[in-house]
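Observations on chain architecture
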Amino acid sequence: VSVLYWKRMNSIASEPARLQAEQHRVRRELAVAAVEHYPVLVEASERSGCISDACAQGVGLASRCTLALDGLRSGSTSLLAAGREWRSNKAEVSAALSNSSKIAELLDAPTTLEACLRGELYHEARILVERLHTLRDALPSSPVIASVVARSHRVLDSLVEDVVIQRLAGNLTVPSALKITSFLRHMGASEGDLRDAFLGMRSRYIADFIAEEELVDGALPATVLKRTLVHWKFVVSEAIAIYNGCFADTEENRHAISRWSMERSDQLLGLWNKHLPAVTSGAELADVAQELAHCSGPWASVGLDLTPILLESIVDRVADVFSATIHAGLSSFEVAVSNPSWKQSTLSSKASSGVSASSDGSPVAPTRLVQCLPLTYVAHGVVTACNDIRRCAALAARPRCFSALETVVKRMVDEIRAVNDDPGNSAHDREQFDALMSITVDDLLPFVCQCVDFVFDVQEATSSILPAALQRLRAN
């Protein structure tokens, strides 16, 4: 092994020298070959130059091809991008064409919203607004959606103020009021603002009615009162019922409707006190009282019964009408009895036939009354007053009416006594006075007292006023 190893090592050590010798041999052979084949070498050199030029041209062409390929690659990339964009636009256009009706509806949303609000389609309007908000949230960067939503909000704000809320000031039912209040709540209206808007619009509706009634030319006060009662019976009671149906039963809401009811009560009382004194007919007062009785039920159902207060004022007014009528007769009596002309007529001194009664039990005036004009005025005043308040006698303040009759009788008796005490009376005048006394005692006083007792269905005048008047007449 060691011998082989040393032989191998010696071979490796002599290898460089061998290689160098081989190099010199190859070079000598190349030189010899170059000399021997010089023409071939020259031709090869020339061919190498041509080949070098051709290679240079090839490199230039390759460079240009590379640039062309780069341009082609860039163009292809741009073309691919354009193709993708075209496909995207084509997809959008196709989608737009297939959904053209929906897009048209979206762009027409403000007009549709206006039509819904004007047509009282509040549920549809609310759904449309919610859909627009959903689209806006889903596509926050879409200028079309933003524009449509902005225009819709402008339409909504305008019509809520000018149309929706204004409907609360017109003829209103519970279903329509519920629709309006529910819609306004969904649109973000606070409970306080909604409550104030409802009550304010109902107040304006009532005020408009009052103003309209005031502008009616030639309307009788009683007619105005009856129309007002009818309006109040339905509108105010209805407004309270609708309010209770639309708003929760909270302390704040109860306080608001209570305050509003008191304001409307004051409004009615003001109108009532303005027109009631102008009613001078008992028949008209009876019609007003009858209409008032019809209002009691609806008012009581909503806790706003003004009937006792208004009825009390009618009671006083009936007494005022009765008193004014009999005092008018007394005034005519005083004028007539102070004129000596009545003494020129011949008064009958025959005994009175008394006060008779008709088929319905009402007193019939004695015929002797027509002979004395002054006493006729008194009888006419009492009869007119009794007929005037006959339909509403049950409402009259009876003590006031009897007090007014007693006052009239006393003043009449005092006038008669003053005529009797006139020192210038002749014998004929005294005869006429005696006849006047007889007619007064036997005919006039019993007749007027029975008229009043018949109307009021009592015997108070006959039992108290008549004896006192007779005693006063005979005091001399």
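Going by the structure above, here's the rest.
Bear in mind that the values here come from a model prediction, so they are computed numbers and not experimental data.

1. Let's talk about helix 7 (residues 143-164)
Across its 22 residues, helix 7 extends 29 Å between first and last C-alpha, which sits within 8% of the 32 Å expected from 1.5 Å per residue. Residue Ser158 marks the point of greatest curvature in helix 7, where the axis turns by about 25°.

2. Overview of the pattern of salt bridges
On inspection of all chains with the given rule, the structure shows 16 salt bridges. The shortest N-O distance in the salt bridge between Glu29 and Arg25 comes to 2.6 Å. Of this pair, Glu29 and Arg25 both sit in helix 2 (residues 15-36), separated by four residues, roughly a single helical turn. We classify Glu29 as partly exposed; its relative accessible area is 45%. The shortest N-O distance in the salt bridge between Glu406 and Lys410 comes to 3.6 Å. Of the two residues, Glu406 and Lys410 both sit in helix 15 (residues 398-420), four residues apart, roughly one turn of that helix. Residue Lys410 is classed as partly exposed on the basis of its relative accessible area of 38%. A network of salt bridges, in which partner residues are shared, links Glu22, Arg25 and Glu29.

3. Things to note about the packing of aromatic side chains
Both the distance between ring centres and the angle between the ring planes are used here to describe each pair of aromatic rings. All told, the structure shown has four aromatic pairs when counted by the stated rule. Relative to Phe247, the ring of Phe198 lies with its centre 5.8 Å away and its plane at 65°, an arrangement referred to as edge-to-face. Note that Phe198 is positioned in helix 9 (residues 191-214) and Phe247 in the loop between helix 10 (221-246) and helix 11 (251-275), a separation of 49 residues in sequence. Residue Phe198 is classed as buried on the basis of its relative accessible area of 1%. Taken together, the ring pairs connect Phe198, Tyr243 and Phe247 into an aromatic cluster. Over the aromatic face of Phe247 sits the side chain of Arg185, whose NZ or CZ is 5.4 Å from the ring centroid.

4. Here we look at unusual backbone geometry
The phi torsion at Glu120 lies on the positive side, around 60°, for a residue other than glycine. Residue classification places Glu120 among the partly exposed positions, given a relative accessible area of 36%.

What counts and what doesn't
Counting from 1, residues in each chain are numbered in the order their sequence is written. A pLDDT threshold of at least 70 governs which residues receive local features in this predicted model, and a stricter bar of 80 or more applies before side-chain atom pairs are shown or counted, although totals over entire chains, interfaces and linings include all residues. To obtain the side-chain values, all non-hydrogen atoms of the structure were used and water was disregarded. Only DSSP runs of H or I with at least four residues qualify as helices, and only runs of E with at least two residues qualify as strands; both kinds are numbered from the N terminus onward. Multiply 1.5 Å by the residue count of a helix minus one, and that product is the helix's expected span. Here the bend at each residue means the angle between axes fitted to two seven-residue stretches, the one ending at that residue and the one beginning there. Counted as salt bridges are all cases of a side-chain nitrogen of Lys or Arg within 4 Å of a carboxyl oxygen of Asp or Glu. Relative accessibility thresholds used throughout: buried, under 20% of the residue-type maximum; exposed, over 50%; partly exposed, between the two (1.4 Å probe, protein chains only). The rule is short: rings of Phe, Tyr and Trp, with Trp giving its six-membered ring, pair when the centres are within 6.5 Å, and they are stacked under 30 degrees, edge-to-face over 60, tilted in between. We call a charge positioned over a ring when the NZ of a Lys or the CZ of an Arg lies within 6 Å of the ring centre and within 35 degrees of the ring normal.

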